[in-house]
Amino acid sequence: MPILLDLFFTFAKIGMFTFGGGYAMISLIENTCVENKKWITHDEMMTLTVIAESTPGPIAINCATYVGYKKGKIPGAIASTLGMVLPSFIIIYLISRFLNHFLEITWVANAFKGIKIAVGILIVDAAVKMLKKMKKKPMQIAMVCLSAASMMIISLYKLNISSMVLMLAAAFIGIIVFVINNMMEGERAKK
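All residue numbers here refer to positions counted from 1 along the written sequence of the relevant chain. The model is predicted, so local features are restricted to residues of pLDDT at least 70 and side-chain atom pairs to those at 80 or more, both for listing and for counting; the totals for chains, interfaces and linings are taken over all residues. Hydrogen atoms and water are omitted, and side-chain values are computed over all heavy atoms in the structure.

### Structural notes on the overall build of the protein
Moving on, step 1. Helix and strand definitions here come from DSSP, where helices need a minimum of 4 consecutive H or I residues and strands a minimum of 2 consecutive E residues; each element is numbered from the N-terminal end. The helix and strand inventory of the protein stands at seven helices and zero strands.
Moving on, step 2. Each helix and strand of the protein, placed in order from N terminus to C terminus, yields the pattern α-α-α-α-α-α-α.
Moving on, step 3. In terms of its C-alpha atoms, the protein occupies a principal-axis envelope of roughly 70 × 45 × 25 Å.
Moving on, step 4. Only protein chains enter the accessibility calculation, which uses a 1.4 Å probe; a residue is then buried when its area is under 20% of its type maximum, exposed when over 50%, and partly exposed in between. The buried share among the 191 residues of the protein stands at 25%.
Moving on, step 5. The criterion used for residue contact is that any of the two residues' heavy atoms lie within 4.5 Å. Contacts in the protein between residues at least 24 apart in sequence constitute 57% of all its contacts with a sequence separation of at least 6.

Below you can see the structure in the form of structure tokens.
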């Protein structure tokens, strides 16, 4: 199959059968693009996830666009992005057009209760996979633990902190850690 069609249909399948937004899609994108299709590596997926989260736009669409660009330049990026977006757009359009009280239908409401649980599991699955692939250095482990503890405190106390502030704080801490590591390596090299 030509790569543009393959990109489109691959991401259309992910976009059509994934509920819960971008974080829930990360696990499926990784499974498809890294393990099955081998379009990108695990390291690229981890880097891509960080970049896609840090840039404007939905994380899943940013991931699809990157993979598409890597495999087919601008036409590939367009095919992947359209594949990711079109199924959701069509489904939402049809629901809004024909079913005014869609979520009031008992079986639909109950289905979405089950889907909420599955979405949580998909997000946890993506986080666990990323943690397993992370280099196990003391500073990185400390940063993961501090980040997790911070997020738990923010969630438990319902603090209203912008995700942009959190991303900037994480970037600042990452730069500080990088500088400290370079200084320590420089001292070791002198000895």
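Having seen it, we continue.
### Side note on the pattern of salt bridges
Moving on, step 1. When a carboxyl oxygen of Asp or Glu lies within 4 Å of a side-chain nitrogen of Lys or Arg, that pair is called a salt bridge. In this structure the tally under the stated criterion is two salt bridges.
Moving on, step 2. Between D6 and K37 there is a salt bridge, and its shortest N-O distance comes to 2.8 Å. Here the residue D6 occupies a position in helix α1 (residues 3–16), and K37 occupies one in the loop between α2 (22–36) and α3 (42–54), the gap between them amounting to 31 residues.
Moving on, step 3. Between K70 and E44 there is a salt bridge; the shortest N-O distance is 2.8 Å. Taken together, the residues span a long stretch of sequence, with K70 in helix α4 (residues 59–98) and E44 in helix α3 at a distance of 26 residues.

### Description of the packing of aromatic side chains
Moving on, step 1. Pairing of aromatic rings covers Phe, Tyr and Trp, the last counted by its six-membered ring, and requires centre-to-centre distances within 6.5 Å; plane angles under 30 degrees mean stacked, over 60 mean edge-to-face, and any other angle means tilted. Applying the stated criterion across every chain, the model contains three aromatic pairs.
Moving on, step 2. Measuring from ring centre to ring centre gives 5.2 Å for F8 and F9, while their planes differ by 80°; the resulting arrangement is edge-to-face.
Moving on, step 3. The class for F8 is partly exposed, based on a relative accessible area of 24%.
Moving on, step 4. When the centroid spacing of 6.4 Å and the interplanar angle of 15° are considered together, the rings of F89 and Y93 count as stacked. A residue pair is termed a helical-turn pair when its members lie 3 or 4 positions apart in one helix, as F89 and Y93 do in helix α4 at four residues.

### As for helix α5 (residues 106–133)
Moving on, step 1. Each helix should span, by expectation, one fewer than its residue count multiplied by 1.5 Å. Taking 1.5 Å of rise per residue, the 28 residues of α5 would be expected to cover 40 Å, and the 41 Å separating its terminal C-alpha atoms lies within 8% of that figure.
Moving on, step 2. Looking only at α5, the buried set comprises V108, V119, A126 and K129.
Moving on, step 3. Those residues of α5 that are buried are in contact with α2.

### Observations regarding the side chain of N62
Moving on, step 1. Structurally, N62 is set in helix α4.
Moving on, step 2. Under the relative-accessibility criterion, N62 is labelled buried at 18%.

### Description of the side chain of S80
Moving on, step 1. Summarising the element assignment, S80 is placed in helix α4.
Moving on, step 2. Contact partners of S80, with chain neighbours within four places excluded, come to L7, F11, A64 and G68.

### Focus on the packing of α2 against α3
Two packed helices can be described by the angle between their axes and the distance between those axes.
Moving on, step 1. One can describe the packing of α2 onto α3 by two numbers: an axis separation of 10 Å at closest approach and a directional angle of 150°. The angle between the axes of α2 and α3 places the two elements in the roughly antiparallel class. Note that α2 runs across α3; the crossing there is right-handed. The residues of α3 that touch α2, namely those facing Y23, I26, I29, E30, V34 and E35, are H42, M45, T49 and E53.
Moving on, step 2. Partitioned by chemical class, the residues of the contact of α2 with α3 number five nonpolar, two polar and three charged. Only C-alpha atoms enter the line fits that serve as axes; for helices the fit covers just the stretch in contact. Angles between N-to-C directions range over 0 to 180 degrees. Small angles under 35 degrees read as roughly parallel and large ones over 145 as roughly antiparallel, with 65 to 115 read as roughly perpendicular and the rest as oblique. For a crossing to be left-handed, the near helix must be turned anticlockwise from the far one by less than a right angle; the clockwise case is right-handed. Residue type decides the class: Asp, Glu, Lys and Arg count as charged, Ala, Val, Leu, Ile, Met, Phe, Trp, Tyr, Cys and Pro as nonpolar, and the leftover types, Gly among them, as polar.

### Remarks on a nonpolar patch on the surface
Moving on, step 1. For patch building, the residue pool is restricted to those with more than 30% relative accessible area and no salt bridge; the joining distance is 9 Å between like charges and 5 Å between nonpolar side chains (Val, Leu, Ile, Met, Phe, Trp, Tyr). Accessible surface area values rest on a Shrake-Rupley calculation with a 1.4 Å probe, where residue burial reflects the displayed protein chains alone. There is a patch of nonpolar side chains on the surface, built from Y69, I74, I78, L82, V85, L86, F89, I90, Y93 and L94 and spanning about 920 Å² of accessible area.
Moving on, step 2. Structurally, Y69 can be placed in helix α4.
Moving on, step 3. Take Y69: its relative accessible area is 41%, and that puts it in the partly exposed class.

### Quick word on the nonpolar core
Moving on, step 1. Membership of the largest hydrophobic core comes to 21 residues, with the highest contact counts inside it found for F11, I29, C33, I40, M45, V67 and M84.
Moving on, step 2. At the level of elements, α1, α2, α3 and α4 are the ones that each hand at least two residues to this core.
Moving on, step 3. Examining the composition of this core, we find that seven residues originate from one element, α4, more than from any other. Throughout this description, the term nonpolar core refers to a set of buried Ala, Val, Leu, Ile, Met, Phe, Trp, Tyr and Cys residues connected via side-chain atoms within 4.5 Å.

### Focus: the environment of A52
Moving on, step 1. Its location among the elements puts A52 in helix α3.
Moving on, step 2. Note on A52: relative accessible area 2%, which makes it buried.
Moving on, step 3. For A52 and R97, which are 45 residues apart along the polypeptide, the C-alpha to C-alpha distance reads 32 Å.
Moving on, step 4. Dropping the residues within four chain positions of it, A52 is found in contact with G57, I59, N62 and C63.

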